Each structure stands twice: as C-alpha cells, then as structure tokens.
Amino acid sequence: MSNHLLEIKGVHSGYGDVKVLHDINLYVEEGEILSVVGANGAGKTTLMRTISGQLPVTAGEILLHGTPVQHLPAHKIAAEGIIQVPEGRRLFPYMTVHENLLIGSTMKHVRADRQKNLEYIYNLLPRLKERETQMANTLSGGEQQMLAIGRALMENPKILMLDEPSLGLSPLLVGTVFDLIKTISAAGTTVLLVEQNVKQALKISQRTYVLENGVVAMEGPSSELIDDPYVKKAFLGL
Amino acid sequence: MSLMPSIINGASMGAIYGLIAMGLTLIFGTMRVTNFAHGAMLMLAMISAYSIWAVTGINPYLLIIIIGPLMFVLGYCTQMFLIRPVLRAESDKNDPIGVLLLTAGFSIVLENLALMIFGADYRMAQTSFSNTVFTFGNSSLSAPRLFGLIITLGVSALLWVFLQRTEPGRQLRATGQDRNTAALMGINSEQTFAVAFGISCALLAVAGLVLLPFYYVSPSVGGVFQTRAFIVVVLGGLGSVPGALVGGIIIGLIETIAAQFMTASVTSVLIYLVFLIVLFVKPSGLFGTKLD
Ligand SMILES: Nc1ncnc2c1ncn2[C@@H]1O[C@H](COP(=O)(O)OP(=O)(O)OP(=O)(O)O)[C@@H](O)[C@H]1O
Ligand SMILES: [Mg+2]
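Predicted, not measured: the structure shown is a model, and the values here were computed from it. (Residues numbered from 1 in each chain as written. Chains lettered and ligands numbered in written order. Predicted model: local features only at pLDDT ≥ 70, side-chain atom pairs only at ≥ 80, totals over all residues. Heavy atoms only, no water.)

Caption draft 1: Summary view of the packing of aromatic side chains. Inspection of the entire model under this criterion finds ten aromatic pairs over all chains. Among the aromatic residues, those joined into a cluster by ring pairs are Y61, F129, F134 and F147 of chain B. In this arrangement the basic side chain of K129 of chain A is found over the ring face of Y122 of chain A, its NZ or CZ atom lying 4.8 Å from the centre. The ring of F118 of chain B carries the charged tip of R123 of chain B above its face, separated from the ring centre by 4.2 Å. (Phe/Tyr/Trp six-rings, centres within 6.5 Å; stacked < 30°, edge-to-face > 60°. Lys NZ or Arg CZ within 6 Å of the ring centre and 35° of its normal.)

Caption draft 2: Quick look at the coordination of the magnesium ion (ligand 2). The coordination sphere of the magnesium ion (ligand 2), as far as protein atoms go, consists of T45 of chain A (OG1) and E87 of chain A (OE), spread over 1.9 to 2.3 Å. Of this pair, T45 of chain A sits in helix α1 (residues 44-51) while E87 of chain A sits in the loop between β6 (82-85) and α3 (97-104), and the two are 42 residues apart along the sequence. (Donors = N, O, S within 2.8 Å, 3.2 Å for Na, K, Ca; no water. Helix = DSSP H or I, 4+ residues; strand = E, 2+ residues; numbered from the N terminus.)

Caption draft 3: A look at the pattern of salt bridges. Residues and elements named next belong to chain A. A complete count under the given rule lists 15 salt bridges over all chains for this structure. In this structure, R207 and E32 form a salt bridge, with 2.8 Å as the shortest nitrogen-oxygen distance. One end of the pair, R207, is in strand β9 (residues 207-212); the other, E32, is in the loop between β2 (18-28) and β3 (33-37), and 175 residues separate them in sequence. The exposure classification of R207 matches that of E32, with both residues buried. For the salt bridge of R127 with E143, the shortest nitrogen-to-oxygen distance reads 3.0 Å. With R127 in helix α6 (residues 126-130) and E143 in helix α7 (residues 141-153), this residue pair connects regions lying 16 residues apart in the sequence. What makes R127 partly exposed here is its relative accessible area of 45%. Look at E143 and you get buried, because its relative accessible area is 6%. (Salt bridge = Lys/Arg side-chain N within 4 Å of Asp/Glu carboxyl O. Buried < 20%, exposed > 50% of the residue type's maximum accessible area, 1.4 Å probe, protein only.)

Caption draft 4: Quick peek at the site of ligand 1. Residue and element names in this part refer to chain A. Among the 14 residues in the neighbourhood of ligand 1, the closest are listed as N40, K44, T45, T46 and E87. Taking E87, its side chain carries an N or O atom lying 2.6 Å from an oxygen atom of ligand 1. Between ligand 1 and Q196, the relevant distance is 2.8 Å, taken from an oxygen atom to a side-chain nitrogen or oxygen of the residue. Look at ligand 1: alone it shows 630 Å² of surface, and the protein chains cover 62% of it. When contributions to the shell around ligand 1 are tallied by element, the ones reaching two or more residues are β2 and α1. It is α1 that contributes the most residues to the shell around ligand 1, three residues altogether. When the residues that make up the shell around ligand 1 are grouped by side-chain class, the tally is five nonpolar, six polar and three charged. (Near = heavy atom within 4 Å. Polar contact = N/O pair within 3.5 Å; in protein donor to acceptor, adjacent residues only side chain to side chain. Areas by Shrake-Rupley, 256 points an atom, 1.4 Å probe, with all protein chains shown as cover. Nonpolar A, V, L, I, M, F, W, Y, C, P; charged D, E, K, R; others polar.)

Caption draft 5: Geometry of the interface of chain B and chain A. Opposite the 19 residues of chain B that make contact, chain A presents 23 residues. Where chain B abuts chain A, roughly 2000 Å² becomes buried across the two surfaces, and 57% of that area is made up of carbon and sulfur atoms. Of all residues in chain B, Q177, L184 and M185 of chain B bury the most surface against chain A, accounting for 36% of the area lost on that side. Viewed at the interface, chain A and chain B are joined by four salt bridges. Taking the shortest distance from any N to any O, the salt bridge between R173 of chain B and E99 of chain A comes out at 2.5 Å. Across the chain B-chain A interface, the total number found is five residue pairs in polar contact (both at pLDDT 80 or more). Residue assignment for the side of chain B that touches chain A shows that the elements contributing at least two residues are α6 (167-177) and α7 (179-184) of chain B. For the side of chain B that touches chain A, the element with the most residues is α6 of chain B, which contributes six residues. Residues that form the side of chain B that touches chain A fall into these classes: six nonpolar, eight polar and five charged. (Contact = heavy atoms within 4.5 Å. Buried area = accessible area lost by both parts, 1.4 Å probe.)

Caption draft 6: Structural detail: a nonpolar patch on the surface. Residue and element names in this part refer to chain B. A cluster of nonpolar side chains, L3, I7, F261, M262 and V266, forms an exposed patch at the surface whose accessible area comes to about 430 Å². Its place among the elements puts V266 in helix α11 (residues 264-281). For V266, a relative accessible area of 39% puts it in the partly exposed group. (Patch = residues over 30% accessible without salt bridge, like charges linked within 9 Å, V, L, I, M, F, W, Y side chains within 5 Å.)

Caption draft 7: Spotlight on the sheet that holds strand β8 (residues 190-195) of chain A. Residues and elements named next belong to chain A. Spatial ordering of the open sheet is given by β6-β7-β8-β3-β9-β10, a layout of six strands whose pairing is mixed. Only two strands of the sheet have a single neighbouring strand rather than two, namely β6 and β10 (215-221). Pairs of neighbouring strands in the sheet enclose a mean axial angle of 20°, with direction left out of account. Relative to β9, β3 is paired through four bridges, and the arrangement is parallel. Each residue of the ladder has a partner; that of V36, found in β9, is Y209. Strands β6 and β7 (159-163) of the sheet are contacted by α7, whose axis makes an angle of about 170° with β6. Strand contacts of helix α8 (residues 171-186): β3, β7 and β8, with the helix running at about 155° to β8, the strand carrying the most contacts. (Pairing = 2+ DSSP bridges. Axes fitted to C-alpha atoms, helices over the stretch in contact; angles between N-to-C directions.)

As structure tokens, then:
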C-alpha cells in the first residue's frame, strides 16, 4: 500500500500500434506541484490522456491512494477527482462562459458545491465574471485558459493536471497563469503540471520529471534540476 | 380565393417536418450519426398508435402517454444495444460507415416487420375531429392540421427549453460539441447518446400522433418524411434545432402554396431549388455552425 496520492507504475501506452510511453514510473505527492517537462512529441500529452482514461494502459498500473484505476473509463476517472485541463483548452465553443463553468459541476458529488465554487472562481478570475454571458469561442487565448482552469476547479479536483497551460500566451499572460496555479496550489489542490516552458515549470514546482521519447529521462527536486548541466543545455538554452 | 388556409396547412405540415427533422438533427448533433432508420421509426410510432386507436378509439393525442415512453425506450435501447457496440468497434476510424449501414439495415427490418404484421394497406384514423373544419371569415381550416401546428410548436419550444435550460440538456449539448472533453467533466457520452436517441424517438411519437387523424398510415409512410427531414436538416443547419423548425416550415409552405399554382412535380423541383440556393449562399445552412 503506497501513501502517494497518485502513482504510475511501469505504464506503457500509445495509440493502437503506435507505442508512445514505455515503462513510466512516476508518483504525485498530496499537496505538491509536480511538473513533467519535455520536448515536442516526448509523450507528455499521451501521459495526461493515459492517466485520464482516454487512452488504454497496455501494461502497468495507475494507483489513486493505492487503488488501481487504470481500467476505468474517462468519465469515471473524472469522478475519482483526477481532473485534466487538456492541451489547447478544449472549451465548449458554443456555450457561454457561465455554461462552461456549470458543465464543470455536472457530476452529482460536486453539484452541491456549485454555488460556492462559482463564487470562488468568479472572485479569483473577475475577468470571467465580466464575460459571463459571452460565447467561449469569442474569448481571447488568455481568457480561454482561465476558463478552462475554472471549469476544472468546478469539479473539486483531488489532483489537477494541466497540459501546457502557457501554450500560445504572451509572456505577461504566462506569468498570470503561473500565478493562478500557485494560488490554486496554496488553496490546497495537488497539481500535476505539464509544460514546455521548462524554466517556469522548474521554478514553480517542487519536483520535476523529464520525459524524452516516451521514457522518464531524469527526475528530481526542481531546485536541483534547474542547475543540472544537461537540463540547462537542453531546455534552458544556457 | 384566400391564401390563409394553405398558409396554415403548409405551416402545419412544415412544422411536422420540422419536428421530425429535430429528432434527426438531435442525433446527428450529439452523436455525429445519421439515422437512416428515422423514417421507419416514425412509421413504427404511427402504426402502433393506429392499432391502439383502431381497437380502443382513444383520442390519438392522448396516446402520447403510451407511445411517447415506448418510443423513448426504443430509441434508448437502439443506441445501447445496436449502435453502441458498432460505435465502440469503430471508435478509431475517421469515417465510420458501419453505423450508417446498421441504421439503414434496421430500417429495412422494421419496414418488413410492419409489412408482415400490418399488411401493405393504407389506413387512416377517422377520428371524431378528422373532418372538422373551422371557418374564419371566408377561409376554412382543417381542425387536425390546426391542432397539429399548435402541438408541434409547443413541443418544439419544450425541446428548446430542455436543451438550453436543464442539466441533462446541457450535458447533451456539451457531448455534441466535444465528447472527449465532456468525458473529462464526468459525462458518460454513451449514456448521453442514448438519451438523445430516446428523445429523438419520443419526438417521432409526437409527430406520428399529430399526423394520425389526417394522414394515411402504411409501412412505407416513413420514406417521404425521412427524405423531407434530410432536406430540412441540411437546410436549417446540421445539428441546429431552431434551424430544423424554420427549415421545416419553409419546405411545408413552399409545398402547399406552390401546389395551388403548379403541379406536384414542379413543386418538388422548387423545393430542391430553394434548398440549393440556401446552401449556395450559406453552405452551413440557415442556422448552422461549423462542425469540426
Ligand atoms: N492520435 C495519435 N495517433 C498516433 N500517434 C500519436 C497520436 N497523438 C500523438 N501521437 C504520437 O505520440 C508521440 C507523443 O505525442 P504527445 O502529443 O504525447 O507529445 P507531447 O509531449 O505532448 O508534445 P507537445 O509538447 O508537442 O504537445 C508523438 O510522436 C506523436 O506523433
Ligand atoms: Mg502535448
């Protein structure tokens, strides 16, 4: 029995004949910000989708509080509190900002907290409150990312997995998004952050895994990796 | 001669086309599946309603309390037991053709079953109000068509409220817009599909019952309506419920009003002409949004 919040043991996964992840071992500790970094095509999104039950685990297991969940379909993984903010936001384009948030509290066990969560999110992200009745597909990139995160918070995540939240944002907005992640973490939510913005990811997280070609190439405390010569050369452009 | 009766008659028939098209567009919009058994399922609703009426003589509109739930269950089960296995098997294909073939096959099965049990005869439910006519000034309106128009518009409004204002309605729309992301919200898309299919069939029950007092029932009755519904769905915009209603009424009006001035075959040409012009000007249909 492990006491990690989430543990990934020897997981293999991919798309049919295309094998992408090989023997991934990784754990997430309650309350931490964990980051997973890697170049384009390293398999970061594949890892997210595998944890979320959107791709089948071909070998190995995924444990939530020590209980295997890798056989569950995606909607049941969400019900377990493993919540993903997908790459590219994936908002419901023809729904208003408000409706996108409401959809986040579809599940019965989070419905009771709907009002409380709405207030919290609108308070945290007043920009969304201003755009409440606007269609999601008319929001700017930054607003869309805020909404995607807000929608996930409506689900009362035990672990919030963010797939490249800084993708396509201006440096100023990247800062805003990372501040938001810190706030969410400080409020007690465990965060698994996938990023290509390695510098920021290393700064914000306690521990980091480096993915390369579908395997874990390095892992360790972020404060150590940030000074590692290989990481500096490959990801930080130093 | 007043145009009023043909406008009401056309709008009434058109609203029924619209209701049938709404069922089709609801399934397409939610599941991205074209149901080729839609007409056959309408036929099933009409034949079962006719049979109950023939035995009991109950007002056809009241039969909704029996036929409505039965059709909902039929739709729900069609998704759960027939379509779901095929959708799962084809989940990694880009253009799943299996489901289309399945619904087409199902329609043939239903029609032949109806032929065996009901026979090929055309029958009409001669209700107490089938031939009732209301006179307003110098124009006269057929009662079942007027009732049909009112009921159909009312049910369309209910569907709109359901989709826009209720929890399951919102889940249905979310699933239609992005089923993979809906799953990340804890929504079971296969079950949502089943609800959409059930509602689609319940709408057919309403359409069938409204047609019953003034339209001939036979095992082949679905064909005409299915063809019309396909035109209406594309005209109104794939997946759009208001589009289906407006599209339906446009087609219904053209059909009846034009029929006063030209022969039926020319009317059909006119319908396709309007259809093509709309698509030429707005390829996504009147109320269409881009699907990706
Ligand atoms: N649907 C798919 N079918 C087949 N192969 C895929 C599919 N999606 C991704 N892959 C492959 O899996 C590998 C990993 O892709 P993945 O999207 O997980 O990378 P990533 O680390 O998220 O990259 P990025 O930083 O660009 O988002 C790539 O080689 C990619 O080509
Ligand atoms: Mg990715």
